[in-house]
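Listed below are the residues making up each chain.
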Amino acid sequence: MTDVRTIEVYRYDPAKDEAPYMQTYTLELDGSERMLLDALIKLKKQDETLSFRRSCREGICGSDGMNVNGKNGLACLLNLNHLPKRIVIRPLPGLPVIRDLVVDMSMFYKQYEKIKPYLINDTPAPAKERLQSPEEREKLDGLYECILCACCSTSCPSFWWNPDRFIGPSGLLQAYRFLIDSRDQATEERLANLDDPFSVFRCHGIQNCVAVCPKGLNPTKAIGHIRNMLLRRAT
Amino acid sequence: MAVTAVTNLGRNGLSDWLVQRISAVILLAYSVFIVGYLVYNPDVTYAEWKDLMSLTCIKIFSLAAVMSLVAHGWIGMWGIATDYLTDRLMGPKGSVLRWLFLLGCAAFCFVYLFWGIQILWGN
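Residues numbered from 1 in each chain as written. Chains lettered and ligands numbered in written order. Predicted model: local features only at pLDDT ≥ 70, side-chain atom pairs only at ≥ 80, totals over all residues.

Chemist: How should I be thinking about the nonpolar core in this particular structure?
Modeler: Considering soluble globular proteins, one finds that nonpolar side chains tend to be buried as a cluster. With 54 residues, the main nonpolar core has Ala75, Leu172, Ala175, Tyr176, Val200 and Ile226 of chain A as its most contacted residues. Among the elements of the structure, β1 (3–11), α1 (36–46), β5 (86–90), α2 (106–114), α5 (168–179), α7 (208–212) and α8 (219–234) of chain A are those that each provide at least two residues to this core. In terms of residues, this core owes the most to one element, α5 of chain A, which gives 6 residues. Apart from residues lying up to four places away in sequence, Val200 of chain A is in contact with Ile167, Leu172, Leu194, Ile223, Ile226 and Arg227 of chain A together with Gly13 of chain B. (Core = buried A, V, L, I, M, F, W, Y, C linked by C-beta atoms within 7 Å. Buried ≥ 20, exposed ≤ 12 C-beta atoms within 10 Å, placed from the backbone. Helix = DSSP H or I, 4+ residues; strand = E, 2+ residues; numbered from the N terminus. Contact = placed C-beta atoms within 7 Å.)

Chemist: Help me understand the pairing of β1 of chain A, please; the structure alone is not making it clear to me.
Modeler: Consecutive side chains of a regular strand alternate in pointing toward one face of the sheet and then the other. Relative to strand β2 (residues 21–29) of chain A, β1 of chain A runs antiparallel, the two sharing 9 bridges. If you follow Arg11 of chain A over to β2 of chain A, its bridge partner there is Tyr21 of chain A. (Pairing = 2+ DSSP bridges.)

Chemist: Explain unusual backbone geometry here, please?
Modeler: Trans peptide bonds make up the majority, and among non-glycine residues the majority have a negative phi. Residue and element names in this part refer to chain A. Non-glycine residue Asn69 carries a positive phi angle of around 50°. For Asn69, the location among the structural elements is in the loop between β3 (65–68) and β4 (71–74). With a phi close to 65°, Gln207 is a non-glycine residue in the positive phi region. Here Gln207 is to be found in the loop between α6 (187–192) and α7. Judged by the 17 C-beta atoms lying within 10 Å of it, Gln207 falls in the partly exposed class.

Chemist: Would you take a moment to explain the sheet that holds β4 of chain A for this structure?
Modeler: Strand pairing within a sheet occurs via backbone hydrogen bonds; the two strands may be parallel or antiparallel. All names here are of chain A. Sheet architecture is open: 5 strands sit in the order β2-β1-β5-β3-β4, paired in mixed fashion. The strands lining the two open edges of the sheet, one partner per strand, are β2 and β4. Going from strand to strand, the sheet's axes swing by 35° on average, the running direction of each strand aside. Two elements, β3 and β5, share 2 bridges in a ladder whose sense is antiparallel. Each residue of the ladder has a partner; that of Asn67, found in β5, is Arg90. Running at roughly 105° to β2, α1 makes contact with β1, β2 and β3 of the sheet. (Axes fitted to C-alpha atoms, helices over the stretch in contact; angles between N-to-C directions.)

Chemist: Please explain helix α1 (residues 13–40) of chain B as it appears in this structure.
Modeler: Structural remark: α-helix, 3.6 residues per turn; residues separated by three or four positions point the same way. With 28 residues, α1 of chain B ought to run about 40 Å at 1.5 Å a step, and its terminal C-alpha atoms sit 40 Å apart, in line with that. In this structure, the buried residues of α1 of chain B make contact with α8 of chain A together with α3 (56–84) of chain B. (Expected span 1.5 Å × (residues − 1).)

Chemist: I'm lost on the environment of Thr220 of chain A in this one. Help?
Modeler: Of note, Thr220 of chain A is situated in helix α8. Thr220 of chain A has contacts with Gly205, Gln207, Cys209 and Val210 of chain A, leaving out every residue within four places of it along the chain.

Chemist: What's the story with α1 of chain A in this structure? I'm lost.
Modeler: All names here are of chain A. Every buried residue of α1 is listed here: Leu36, Leu37, Ala39 and Leu40. Summarising the axial view, the buried residues of α1 lie within an arc of 155°, below the 170-degree limit, and thus occupy one face. Buried residues belonging to α1 abut β1, β2 and β3. (Arc of directions from axis to C-beta.)

Chemist: Whenever I open this one, the environment of Lys42 of chain A confuses me. Can you help?
Modeler: Residue and element names in this part refer to chain A. Looking at where Lys42 falls in the secondary structure, it is placed in helix α1. We classify Lys42 as partly exposed; it has 17 C-beta atoms within 10 Å. Through-space distance from the C-alpha of Lys42 to that of Leu29 is 8.7 Å; in sequence the pair is 13 residues apart. Lys42 has contacts with Leu27 and Glu33, leaving out every residue within four places of it along the chain.

Chemist: Would you mind going over the packing of α1 of chain B against α3 of chain B with me for this structure?
Modeler: What describes two packed helices is the angle between their axes and the distance between those same axes. Residues and elements named next belong to chain B. Remark: α1 packs on α3, axes separated minimally by 8 Å, with the N-to-C direction vectors making an angle of 135°. It follows from the interaxial angle that α1 and α3 lie oblique. Along this stretch, α1 crosses α3, giving a crossing that reads as left-handed. Within the contact between the two elements, α1 uses Asp16, Val19, Gln20, Ser23, Ala24, Ile26, Leu27 and Tyr30 and α3 uses Phe61, Ala64, Ala65, Ser68, Leu69, Ala71, His72 and Ile75. For the contact of α1 with α3, a count of residues per class yields 11 nonpolar, 4 polar and 1 charged. (Parallel < 35°, antiparallel > 145°, perpendicular 65-115°, else oblique. Left-handed = near helix turned anticlockwise from the far one by under 90°. Nonpolar A, V, L, I, M, F, W, Y, C, P; charged D, E, K, R; others polar.)

Chemist: In this structure, what is going on with the confidence of the model for chain B? I would like to understand it.
Modeler: Low pLDDT marks stretches whose predicted atomic positions should not be read closely. All names here are of chain B. Across chain B, the average pLDDT comes to 91, with 91% of residues at or above 70. No element of chain B has a lower mean pLDDT than helix α4 (residues 87–90), at 90, and none a higher one than α1, at 96. Taken over the whole predicted complex, pTM reads 0.90, whereas the ipTM for its chain interfaces reads 0.83. (pLDDT = per-residue confidence, 0-100.)

Chemist: I would appreciate a short explanation of the environment of Asp100 of chain A in the present structure.
Modeler: Residue and element names in this part refer to chain A. Inspection of the secondary structure assignment puts Asp100 in the loop between β6 (97–99) and β7 (102–103). Residues Asp100 and Pro14, spaced 86 residues apart in sequence, show a C-alpha to C-alpha distance of 9.3 Å. Those residues in contact with Asp100 that lie beyond four places of it in its chain are Tyr10, Arg11, Tyr12, Leu50, Ser51 and Phe52.

Chemist: What should I look at first to understand the domain arrangement of chain A in this one?
Modeler: Often the size quoted for an interface is simply the accessible area lost on bringing the parts together. Residue and element names in this part refer to chain A. Annotation of chain A at the domain level lists domain 1 (3–103) and domain 2 (106–234). Taking only C-alpha atoms, the centre of domain 1 and the centre of domain 2 are 29 Å apart. Taken residue by residue, the interface counts 14 residues in domain 1 and 14 residues in domain 2. No other element matches the 4 residues that β4 contributes to the side of domain 1 that touches domain 2. Residues belonging to the side of domain 1 that touches domain 2 are distributed by class as follows: 7 nonpolar, 6 polar and 1 charged. (Domains from an automatic or database assignment.)

Shown next, in the form of structure tokens:
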């Protein structure tokens, strides 16, 4: 039995389109396609002008984040069997569109850069590596797995309104990953940079980020830990 | 680099966050007290109500509730204004509208606080 899907895709080429529009495609699946990304690749063979990002096709690179039927996700992790006959695909919300499903992620990366996503440790480096106990290493679980796909930050209204000032769930998850790392020595400096009305405290805990994270991570929980650290630091 | 803002209540995010939570607890306690009192005293007379509100401890509790509402309201309105009334969303008029809106909120908060104190502690 053939599986025919109706796929509506957001199209916008600033070089020739005055405004974005939705284009409807009918795609016949032959059973060899498992994920939405497979369908999109097949669709691109039908219409080579369609643009989207993709790379590893297995949920590691975080390139193919998009809004599918109203919810952000990675096309390579969305099983076609779990999607309805009519699939509506839009770019990640809140970021400027470069073309079709390709968004400009500069603002997202700028926020990531702000949290200094690297270990800061001025003590002389040991001969091999800075060691951690299994318990210390365990604290990084649920944090280090973030692949920076931006599904969480672009589903967060606080990030939509203040992408230049609110770090966003992804950046804050990463911030906590370095705050809690036993090898990092810049805890005070990191916390001082987060203690303003926007960077952390724009999070109102609505947990859209938790609902959409394709890796099953919990940025809201990490943000709560940062708040507690800021509170302990100040009292 | 940390982001600064000159119009938020407590000069940093943590104090605003803390004030908002503490004021919410005070407002909840006050609401429970008032509703509880009215439920358990459905036939309360004006004289009884006035006596209750004249107790010093209730005056302090009421004043705490009024101040909590002002602080909670300002932080909330400041959050709304800096979300939606911005240059980023509205162009240069965003800042003008935000300042006008915040000015209105500040005037409202001031009148509310002044009036509340006058009702509670006036003759």
